[in-house]
Amino acid sequence: MRIYRSKRFLQAYLKRLPLENKVGFVPTMGALHDGHLSLVKNAKNSCNTVVASIFVNPTQFDRKEDLDQYPSTLEADLKALQKAGCDVVFIPTVKEMYQNQIVSEDFDFDGLDQVMEGAHRKGHFAGVGTIVKRLFEIVKPHEAFFGEKDFQQLQIIKKMVDKEQIPIKIIGNPIYREADGLAMSSRNVRLTPAQRKAAPFIYQTLLKAQKLFKLHDIEEVEGFVVQSFKAQKLLELEYFSMADETTLLPINKKEKNKKYRGFIAVFAGPVRLIDNIELNF
Ligand code: PAF
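First, a word on what this report is: a plain description of the structure on this page. Nothing here was measured: the structure is a model prediction, and the numbers come from that model. (Residues numbered from 1 in each chain as written. Predicted model: local features only at pLDDT ≥ 70, side-chain atom pairs only at ≥ 80, totals over all residues. Heavy atoms only, no water.)

Our next topic: the packing of aromatic side chains. Tallied over the full model, the rule gives nine aromatic pairs. Centroid distance Phe61 to Tyr70: 5.7 Å. Interplanar angle 75 degrees. Geometry classified as edge-to-face. With relative accessibility at 10%, the residue Phe61 sits in the buried group. Taking relative accessible area as the criterion, Tyr70 reaches 12% and is therefore assigned buried. With a centroid separation of 5.1 Å and 10 degrees between ring planes, the pair formed by Phe107 and Phe109 is classed as stacked. Members of the aromatic cluster, each reached through a chain of ring pairs, are Phe25, Phe136 and Phe146. Over the face of the ring belonging to Phe9 we find Arg8, whose NZ or CZ atom lies 5.2 Å from the ring centre. (Phe/Tyr/Trp six-rings, centres within 6.5 Å; stacked < 30°, edge-to-face > 60°. Buried < 20%, exposed > 50% of the residue type's maximum accessible area, 1.4 Å probe, protein only. Lys NZ or Arg CZ within 6 Å of the ring centre and 35° of its normal.)

Counting across every chain of the model gives zero disulfides. The cysteine Cys86 is free of any disulfide, with Cys47 supplying the nearest cysteine sulfur at 12 Å. (Disulfide = S-S within 2.5 Å.)

As a packed pair, helix 2 (residues 34-46) and helix 4 (residues 74-84) sit with axes 9 Å apart at the nearest point and diverge in direction by 35 degrees. Between helix 2 and helix 4 lies a crossing of right-handed hand. Contact with helix 2, carried on its side by Leu37, Val40 and Lys41, involves Ala80, Leu81 and Ala84 of helix 4 and no other residues of that element. (Axes fitted to C-alpha atoms, helices over the stretch in contact; angles between N-to-C directions. Helix = DSSP H or I, 4+ residues; strand = E, 2+ residues; numbered from the N terminus. Left-handed = near helix turned anticlockwise from the far one by under 90°. Contact = heavy atoms within 4.5 Å.)

Looking now at helix 8 (residues 151-163). Over its 13 residues, helix 8 extends 18 Å from the first C-alpha to the last, a length consistent with the 18 Å expected when each residue adds 1.5 Å. For helix 8, the full list of buried residues reads Phe151, Gln152, Gln153, Leu154, Gln155, Ile156, Ile157, Met160 and Val161. Of the surrounding secondary structure, the elements contacted by the buried residues of helix 8 are helix 6 (116-120), helix 7 (124-139), strand 5 (143-147), strand 6 (169-173), strand 8 (260-268) and strand 9 (271-278). With its phi angle positive at about 50 degrees, Gln165 sits one or two positions after the end of helix 8. (Expected span 1.5 Å × (residues − 1).)

Quick look at the pattern of salt bridges now. This model, assessed by the stated rule, comprises 23 salt bridges. In this structure, Asp87 and Lys44 form a salt bridge, with 3.0 Å as the shortest nitrogen-oxygen distance. Here the residue Asp87 occupies a position in the loop between helix 4 and strand 4 (88-90), and Lys44 occupies one in helix 2, the gap between them amounting to 43 residues. Among the residues examined, Asp87 registers a relative accessible area of 23% and is labelled partly exposed. As a salt-bridge pair, Glu105 and Arg134 come within 3.3 Å of each other at their nearest N and O atoms. Highlighted residues: Glu105 in the loop between helix 5 (94-98) and helix 6 and Arg134 in helix 7, separated in sequence by 29 residues. Judged by relative accessible area, which is 25%, Glu105 ranks as partly exposed. With relative accessibility at 19%, the residue Arg134 sits in the buried group. Taken together, the shared-partner salt bridges connect Asp62, Asp66, Glu117, Arg121, Arg187, Arg190, Glu238 and Arg272 into one network. (Salt bridge = Lys/Arg side-chain N within 4 Å of Asp/Glu carboxyl O.)

Time to look at the sheet that holds strand 8. With antiparallel pairing, three strands are arranged side by side in an open sheet as 7-8-9. Unpaired on one side and paired on the other, strand 7 (236-244) and strand 9 mark the two borders of the sheet. Looking at each pair of strands side by side, their axes are set apart by 15 degrees on average, direction ignored. Inspection of the sheet shows strand 8 paired to strand 9 by eight bridges, in the antiparallel sense. Of the residues in strand 9, the one forming a bridge with Gly262 is Ile277. Each of strand 7, strand 8 and strand 9 is contacted by helix 10 (residues 201-215), which is oriented at about 30 degrees to strand 9, the strand it contacts most. (Pairing = 2+ DSSP bridges.)

Note that Pro71 resides in the loop between helix 3 (64-68) and helix 4. Since its relative accessible area comes to 12%, Pro71 is described here as buried. For the pair Pro71 and Gln195, spaced 124 residues apart in sequence, the C-alpha to C-alpha distance is 17 Å. With residues near it in sequence (within four places) discarded, Pro71 still touches Ala31, Ser186, Val189 and Arg190.

As structure tokens, this is what we get:
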């Protein structure tokens, strides 16, 4: 596995690959778990060369504490990437990606960034768009792989690629969960043992909401979720939204041929956890 810290050297290497070589890309912020590694494995199944990046992107964090506390496990990450079949890892510095201007570009995501994560984390998706676009410009992959845990991010990246006519196929992969249902996240290692024990309640509640959605009004499902979290001492509900998968807008009235998802964000102490679930399938 090749490791590059400079975009110039990475690009020089990628340019030498045969033209028919299909390149798959898995952007990450490190602290890798099995969910990330499944993206690498899927990329390996469909592409000849898999490039992963490890870069904790400062412009997508709205809380300095979250950025400062973001876990870093580089040595273990590199071992795991190699084992999963990754061919090339790009680990740039902030200077390499932003020079001296650590700011986001402006994007028009047709409102996809105005709800849920976008509404609660100011500037988050402009930061994600900025870094993903820059990484795409450097790696120029044929396909790029993202987890559905960040479903809103996935839709926003699809929108960006579409609007800016970037010739990359964006592939979403299902959420990877721990045995007790907690969605895998790099942030999980920051949970105290008690918070970790409480956290599977998030997915359990989503499963119940999924069941209720079939027979009950939207308000009733929402009321159930809000009420359920009131009894939780270690988990604080930030939002629960039932939304159209494509527009991400909250559902007003259930319509037949539309796909809906429930999206949730919860604080366990200072650690913010998100998850989502299909509501009609
Ligand atoms: O999902 C992530 O880990 C990040 O948002 C990404 C896509 C690597 C951009 O920094």
